[in-house]
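Residue-level structure breakdown
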Amino acid sequence: MERYICIHGHFYQPPRENPWLEAIELQDSAYPYHDWNHRINAECYAPNSSSRILDDEGRIRQIVNNYSRISFNFGPTLLSWLESEAPDIYQAILEADRQSQNLFPGHGSAIAQAYNHMIMPLANRRDKDTQVIWGIHDFERRFGRAPEGMWLPETAVDLETLDTLAEYGVKFTVLAPRQARRVRQIGGRAWRDVQDGRIDPTMPYLQRLPSGRSITLFFYDGPISQGVAFEGLLTRGENLANRLLGAFSADRTWPQIIHIATDGETYGHHHRFGDMALARAMEWIETDSEAQLTNYGQHLEKHLPTHQVEIVENTSWSCVHGIERWRSDCGCNTGGHQDWNQSWRAPLRQALDWLRDTLTPIYEQHAAQYLNDPWDARNDYISVILDRSAGNVDDFISRHARNLLSDKERVRVLKLLELQRQLLLMYTSCGWFFDELSGIETSQVIQYAGRAVQLAEELFGDSVEESFLERLEDAKSNLPEHRDGRVIYAKFVKAAAVDLSRVSAHYAVSSLFNVNQYSDRVYCYRVEREDYQLQEAGEVKLAVGRAKIASEITHEEAEFNFGVLHFGDHNLAGGVTEAEGGQEDEGLNTEITEAFRRSDFADVIRHLDRAFGASIYSLRTLFRDEQRKILDTILQSMQEETENAYRQIYEHHAPLMRFLVDLNVPIPETLLTVAETAMNIEVRRSFQEETLNLDRARFLFSETTAWHLELDVAGLSYTIEQTLARLAERFQGDPADTEALKRFEAVSETASTLPFELNLWKPQNSYYRVLQVEYPFYSGRAAQGEAMAQEWVEHFASLGNSLRVRVE
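Scoring rules and cut-offs
All chains use their own residue numbering, which begins from 1 and follows the written sequence. In view of the model being predicted, local features appear only for residues whose pLDDT reaches at least 70, and side-chain atom pairs are presented and counted only at 80 or more, with totals across whole chains, interfaces and linings using the full set of residues. Side-chain numbers here rest on the full set of heavy atoms in the structure, without hydrogens or water. Ring geometry is summarised as follows: Phe, Tyr and Trp rings, the Trp one being its six-membered ring, pair when their centres sit within 6.5 Å, and such pairs are stacked at plane angles under 30 degrees, edge-to-face over 60 and tilted between the two. The helix count covers DSSP runs of H or I at least four residues long, the strand count covers runs of E at least two residues long, and both are numbered beginning at the N terminus. Using a 1.4 Å probe on the protein chains alone, a residue whose accessible area is under 20% of its type maximum counts as buried, one over 50% counts as exposed, and one in between counts as partly exposed. Strand pairing is defined by DSSP finding a minimum of two bridges between the two strands. Like charges are joined within 9 Å and nonpolar side chains (Val, Leu, Ile, Met, Phe, Trp, Tyr) within 5 Å, but only among residues with over 30% relative accessible area and no salt bridge; these make up the patches. What sets the accessible areas is the Shrake-Rupley method with a 1.4 Å probe; for residues, cover comes only from the shown protein chains. Counted as salt bridges are all cases of a side-chain nitrogen of Lys or Arg within 4 Å of a carboxyl oxygen of Asp or Glu. A helix is expected to span 1.5 Å multiplied by its residue count minus one. By definition, pLDDT measures how confident the predictor is in each residue, and it falls between 0 and 100. Throughout, a contact is declared for two residues whenever any of their heavy atoms are within 4.5 Å.

Glancing now at the packing of aromatic side chains. Aromatic ring pairs are defined here through the distance separating the ring centres and the angle between the ring planes. For the structure on display, the rule yields 28 aromatic pairs. Taking the centre distance of 5.3 Å and the plane angle of 85° together, the rings of Tyr 115 and Trp 134 count as edge-to-face. Taken together, the residues Tyr 115 in the loop between strand E5 (112-113) and helix H5 (125-143) and Trp 134 in helix H5 connect sequence positions 19 residues apart. With a relative accessible area of 1%, Trp 134 lands in the buried category.

Quick look at the structure:
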């Protein structure tokens, strides 16, 4: 009897996205290595099983190899981020799906996902439709084919959701075993109760729907999936393979499919080297004659369901109480704070439901003035989300507009549709999954709601904000400083809100620090500089000018005058005001610049106050990324001054400290603190310098060990990793440069002796590329007795040992 194995990985990571900027903002972190961008890399991509390569070619090759042989889904927001920020990985995922269509003839391994990870049973039918339509359209645009299956967020399901999938051509989805109620043979009469996870997961099942449609359901193997996710089954690839193969039974008389489903980040992020175990397990299975790898689409084509199932409605894979985790304090949480409660979940959902239901009829009324069908237009709006080029927006408007629209009417239409998008995004499931109302995931969904509130006010005039906040206030935080939803809205939504005026202010302030780096974009806004003057008097700078700001999302635009005075450090003042044109604007700029030429800075400030009134901005005005860059620049001189002071104190007292150590006399705490700071500074600098002083670095490490000083592991790791990556890039660019190879080798050897682990993915991958492309040439010449080639091969092999890549 035929035996099949299918492994499914679900990849979904909601971004911390500012809804006004359409951009992922940096997390608060001491080192760039720990920001969001790096974390998402670490969670989602499988390294090469033999050399732990995670970046570029090696990483891409393993993604293609692994993902073409397993079933997978990626959330559209994650794919969108990858498309712009990691295009090599994005293309590798698409290539994996193409290859899988050859491995499993005609059936790609990728399946779609409901668009923004909304808990579908809690959505109304109209929102269900849009989620499925957008998910399908996003998938088709990326993978170039229609999806056969669709992943339901948290596998949350009801019959209406399944009917929506079936209506739009989705053939199957995957559920948890406890979501099945009863089964029977198709055509049979007697039902068998399979509740509490007792369904046989080795076959597909047919779910008949009230509409007369039907859909195929696969119920994954719960115990094995649990073992992979939580019980250490990924310790060895052979263990995983044997567990999967051991699930077959000779007593079954039908073609069996053993299939599991887990979060994709299980393989490598949650379980270190889990990706290697997965690769080994698949290799093991492919050499085993008992079973063959498959994906759901191929299996369904070969083996149609022979049994019918009825699901347990309003259930999911991550809440034992059904779907209560997303609407009540059911007891499900992450377990980190036993004294907390999640009673905020219900009022949060009620507030969002109120906002949606209040704005829906108003949207419908206003949109009907411009659009043939407001809801058809919303469903098709995904085509604009995926391509905001002017031509594509024109095509969209021409398809849906009742009449020829003016520019002002086009802006209103795009704002109306953006309002609807935000009302969908605010239901992203992670907003309720975790433990605290003020957490970044929940704050994120409230931000989406805040953007919807702002758009509604701009479109309809009457503000719904206060009524919304009255309801949001019922959601209570576990943290006294955040109190409730109203306070959180004020802290994390109002502070993040953006309009054209604030974009203009950001542009004006940042221009003082990026004089030679003029940009015509600020996130999703276009900037057209119409006038700009920069004057300097010592450390003091003045920038005045005029710029047109236009949103690439709503096409709204306006012109602004600006003036910014910078006194040095973080002290600056400036403002913006919408330009009126004519002599008034020119006179304003003249008065300000004349006062600056006289170095009458008090008069400059008076003119700024008079010109811009309450619209005065500072460094706080800047959006997070640019703010961080500018603060780094401002702090650099102060940091150098402080570091030099610590180093001088340390060098002055180092002989005494060594003498105390020799006598076994405790070093005073103050001196230890100075030494610790100075040592970390010196070690970091030794690895930052262009010409590395490795002897100095080794001496410093020996001193820290002898004095039991604590190293700044996070900071030093990041610095050394960046240095290794830089050396690797140089060597890869010119492998014939033996001196570059030796420097790379020396630093790698020193790094390998450190008392903490480094992320070697980038240098490993550069090494791997040279190993694949250049090494055969040099090893061949070395075998012929060429001395230079022999030297190169010797150092290259030594470098591989330091990077933990074996050369065979």
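Before going further, it helps to spend a moment on the sheet that holds strand E11 (residues 214-219). Taken together, the six strands give an open sheet; going across it, the order is E7-E11-E10-E14-E8-E9, and neighbouring strands pair in mixed fashion. Each edge of the sheet is formed by a strand with only one pairing partner; in this case those strands are strand E7 (172-175) and strand E9 (192-193). Two strands pair when backbone bridges link them, and E7 and E11 are joined in this way by four bridges, in the parallel orientation. Note that in E11 the partner of Leu 175 across the bridge is Phe 219.

Right, let's talk about a nonpolar patch on the surface for a bit. A cluster of nonpolar side chains, contributed by Leu 656, Phe 659, Leu 663 and Val 665, occupies part of the molecular surface with about 360 Å² of accessible area. Secondary-structure assignment places Val 665 in the loop between helix H23 (624-662) and helix H24 (669-688). Taking relative accessible area as the criterion, Val 665 reaches 37% and is therefore assigned partly exposed.

For the rest of this paragraph, the subject is helix H15 (residues 407-425). For H15, spanning 19 residues, the distance from its first C-alpha to its last is 27 Å, which sits close to the expected 27 Å at 1.5 Å a residue. Among the 19 residues in H15, 16 count as buried, and that is most of the element.

With that settled, consider the pattern of salt bridges. Counted by the stated rule, this structure contains 52 salt bridges. Residue Lys 415 is joined to Glu 556 by a salt bridge in which the shortest nitrogen-to-oxygen separation is 3.3 Å. Taken together, the residues span a long stretch of sequence, with Lys 415 in helix H15 and Glu 556 in the loop between strand E17 (540-551) and strand E18 (557-568) at a distance of 141 residues. Accessibility expressed as a relative area gives 7% for Lys 415, which makes it buried. Residues participating in the shared-partner salt-bridge network are Arg 125, Asp 129, Asp 163, Glu 167 and Arg 213.

This brings us to the confidence of the model for the protein chain. Taken as a whole, the protein chain shows an average pLDDT of 88; of its residues, 92% reach a score of 70 or greater. In this model residues 26-60 is a low-confidence stretch, pLDDT under 50, and it forms 106 contacts with partners more than four residues away in sequence or in other chains.

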